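Chains, contacts and geometry: an overview
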Amino acid sequence: MRPDFKHFPVLADRLFEAERSRVQIGLISTDYPGITLDDAYAIQQLLIDRKVAAGRCITGWKIGLTSRAMQMALDIDFPDSGVIFDDMHFESGTRVPPDRFIKPRIEAEIVFIMNRDLDGRRSVSRDDVLAATESVCPSLEILDTRIVRRDPENGRTRTVFDTIADNAANAGIVLGPDRHRPGAHDLRRVGAIVTRNGIVEETGLGAGVLDDPALAVGWLAERLATCGQAIRAGDVVLSGSFTRPIEARPGDRFHADFGDFGIVDIEFGAVESEAPDTQSSGQN
C-alpha cells in the first residue's frame, strides 16, 4: 500500500509531535510498504514546513548514507538529505540537556560553510563546490530517530524511506572552532579519532564519503535542483559521516580528534536522581 497524498500531512504531524513529546512512532514503511522515495521526501518537506511555521529557521543541510557500508546495510546506492535548523546547533564543549533527544547517536563529519549559492541545475564538480565554499571545519552530528529503529512486534527495521521522512534522522550539529580554507587540506585524507568517555570507538577518513566530501555536497546541490531548491550562501552543509554512529547515553562525553584539522567535544547530560532521604524513620 502506498500512502495517499492526504496521509502526508498526518504523517508529518506525527513526526513533529514525536520530536516534541520524545515518544517514537511506528515504522511508516510497515504501514505503507509501497512508499516511494518521492513520497518520503514529500513527507519530509511537510515536516520542514511545520517546523518553519513553529518559528524555526533553516540554517543548512545534512547529507547522510554516504558511506558504502551504510548503503550496503540498507541495500541502496544513493545518499539521502535533510534540513538543519537553528535550534539544532550546539557549541563544542557544551552539555546537551538530558531531556533533549530520544535515542541520540554521534557521527564525525566535515562541514562546508558556503559563501556563494551553488547551482545544481547542471553537473556540479568538486572544484565548483570548493569555489562556493567559505570554509570547512570539523564537526559531530547528533542523530535521533522519531521513528522506531526496529518494530518490536515483527522485527522489521527502518528503511531509507523512514529515515528520509524523519528529516534524515537529523537532530543536532556541533561545529569545532577551527575554520580552514577549502583548498588548504586534502579532504579525502582528513580523518578523526572519536572517543566516548576516553575510549576510542570509531576512526575514519573523509574518503569514506563518496570518495570525497566535496562530491557529496555536489550531489546535494544537484538533488535539490530537481525540486526547485538550492544550497545558498551562508548555509552550513554536513557532508556525510565517515564513521559509524555511536550511541550517546546519558552522561557520555565525546571527543573527536581531527588532528591539525581541529577537535570537537560534546557531553550528554545525565538525569539527576533525587537526593537520598537522610532521615531515618522513627527518629524524633
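Provided above is the structure to which this section pertains.
The paragraphs below set out a description of the structure included in this document. (Residues numbered from 1 in each chain as written. Predicted model: local features only at pLDDT ≥ 70, side-chain atom pairs only at ≥ 80, totals over all residues. Heavy atoms only, no water.)

1. Considering the overall build of the protein chain
Assigned secondary structure in the protein chain consists of seven helices and 13 strands. Taking 284 residues into account, the globule formula puts the C-alpha radius of gyration at 19 Å, and the protein chain, at 20 Å, falls close to it. Each principal axis of the C-alpha distribution contributes one length, and for the protein chain these read about 80 × 50 × 35 Å. Within the span of the protein chain, comprising 284 residues, buried residues form 50% of the whole. (Helix = DSSP H or I, 4+ residues; strand = E, 2+ residues; numbered from the N terminus. Rg over C-alpha atoms; globule rule 2.2 N^0.38 Å. Buried < 20%, exposed > 50% of the residue type's maximum accessible area, 1.4 Å probe, protein only.)

2. Digging into the nonpolar core
Counting 55 residues, the largest nonpolar core has Phe112 and Ile231 as the members making the most contacts within it. At seven residues, strand β5 (residues 105-114) tops the list of elements feeding residues into this core. Within the second largest apolar cluster, 22 residues are counted, among which are Leu11, Ile25, Leu65 and Ala165. (Core = buried A, V, L, I, M, F, W, Y, C linked by side-chain atoms within 4.5 Å.)

3. Digging into unusual backbone geometry
For leucine 210, which is not glycine, the phi dihedral falls at a positive 50 degrees. The residue leucine 210 is located in the loop between β9 (199-205) and α7 (213-225) in this model. Of note, aspartate 211 is a non-glycine position whose phi angle comes to about 80 degrees, a positive value. By the element assignment, aspartate 211 lies in the loop between β9 and α7.

4. Some thoughts on the environment of proline 250
Here proline 250 lies in the loop between β11 (246-247) and β12 (253-257). A relative accessible area of 60% places proline 250 in the exposed class. For the pair formed by proline 250 and leucine 27, sequence separation is 223 residues and the distance between their alpha carbons is 25 Å. Each residue touching proline 250, except ones within four places of it in the same chain, is listed here: Phe268, Gly269 and Ala270. (Contact = heavy atoms within 4.5 Å.)

5. Observations concerning the environment of aspartate 39
Relative to the elements of secondary structure, aspartate 39 occurs in helix α3 (residues 37-53). Using a relative accessible area of 2% as the deciding quantity, one classes aspartate 39 as buried. Separated by 126 residues in sequence, aspartate 39 and alanine 165 place their C-alpha atoms 8.2 Å apart. Among all residues touching aspartate 39, those that are not within four sequence positions of it are Arg2, Pro3, Phe8 and Gly34.

6. Looking at the pairing of strand β10 (residues 236-241)
Along β10, six of the six residues are buried, which leaves the element largely enclosed by surrounding structure. Inspection of the sheet shows β5 paired to β10 by four bridges, in the antiparallel sense. Its bridge partner lying in β10, isoleucine 113 is registered against valine 236. (Pairing = 2+ DSSP bridges.)

The analysis is restricted to geometry; functional conclusions fall outside its scope.
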